[in-house]
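# Structural overview for review
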Amino acid sequence: MMEIKIVQVDSGQKKIKWEKIAELCDGAVKHYRQFARLFQAVPGDPQEAKNPSKVTGIGEEKVRRWYLNARFYCARCLLKRPDPDMANRKVHLNGALEEYRHIVALAEAHPFKEGQFSFDDELRICKEMVALLPSKIERLHMLPSTPSGT
């Protein structure tokens, strides 16, 4: 739904307040993270969740793909989440960067075999985002942290 709303706004088909899109993004991030938490080695421990080697139950390739896709879409939502406050925007971009780094680390630690459950395209995007996001975040640091209204 969020993707549809963003496309409608970008193409000029609809005028939707940024708050509505932000609400959709926040809901999606919440649910993707709830799904990803099912794979934590120590449920409820956020420090363990950040360590890709501590994720359990993803040995089977299709299950690993489900987990990585949840993290991937969570990162995309954080990346696309609109916010007129630059400080909040930086927080969301840093969150997206951490998600992408986590995905790359886990996918490289547990590579997929060639075939049905390949994650190659998503992994390539993640690596590109890990390379590009730091410069985008750095550019945001140069902007004032006050609401811009856009």
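This text follows the structure it describes.
Residues numbered from 1 in each chain as written. Predicted model: local features only at pLDDT ≥ 70, side-chain atom pairs only at ≥ 80, totals over all residues. Heavy atoms only, no water.

Under the definition given, this model contains six aromatic pairs. Taking 5.5 Å as the distance between ring centres and 70° as the angle between the ring planes, the aromatic pair formed by Phe-35 and Phe-39 counts as edge-to-face. Taking relative accessible area as the criterion, Phe-39 reaches 10% and is therefore assigned buried. Seen from their ring centres, Phe-72 and Tyr-73 are 5.4 Å apart, and the 70° between their planes marks the pair as edge-to-face. By relative accessible area, Phe-72 is classed as buried at 5%. Members of the aromatic cluster, each reached through a chain of ring pairs, are Tyr-32, Phe-72, Tyr-73 and Tyr-100. Against the face of Phe-112 rests Arg-64, its NZ or CZ located 4.9 Å from the ring centre. (Phe/Tyr/Trp six-rings, centres within 6.5 Å; stacked < 30°, edge-to-face > 60°. Buried < 20%, exposed > 50% of the residue type's maximum accessible area, 1.4 Å probe, protein only. Lys NZ or Arg CZ within 6 Å of the ring centre and 35° of its normal.)

Our next topic: the pattern of salt bridges. Pairing between side chains of opposite charge can happen when the charged atoms of each approach one another. Inspection of the entire model under this criterion finds eight salt bridges. The salt bridge involving Glu-98 is made with Arg-101; its shortest N-O contact spans 3.1 Å. In this pair, Glu-98 and Arg-101 are both assigned in helix 5 (residues 86–109), three residues apart and thus about one turn of the helix distant. With a closest N to O distance of 3.4 Å, Arg-124 and Glu-128 form a salt bridge. Placement of both Arg-124 and Glu-128 in helix 6 (residues 120–141) is noted, with a separation of four residues, approximately one turn of the helix. (Salt bridge = Lys/Arg side-chain N within 4 Å of Asp/Glu carboxyl O. Helix = DSSP H or I, 4+ residues; strand = E, 2+ residues; numbered from the N terminus.)

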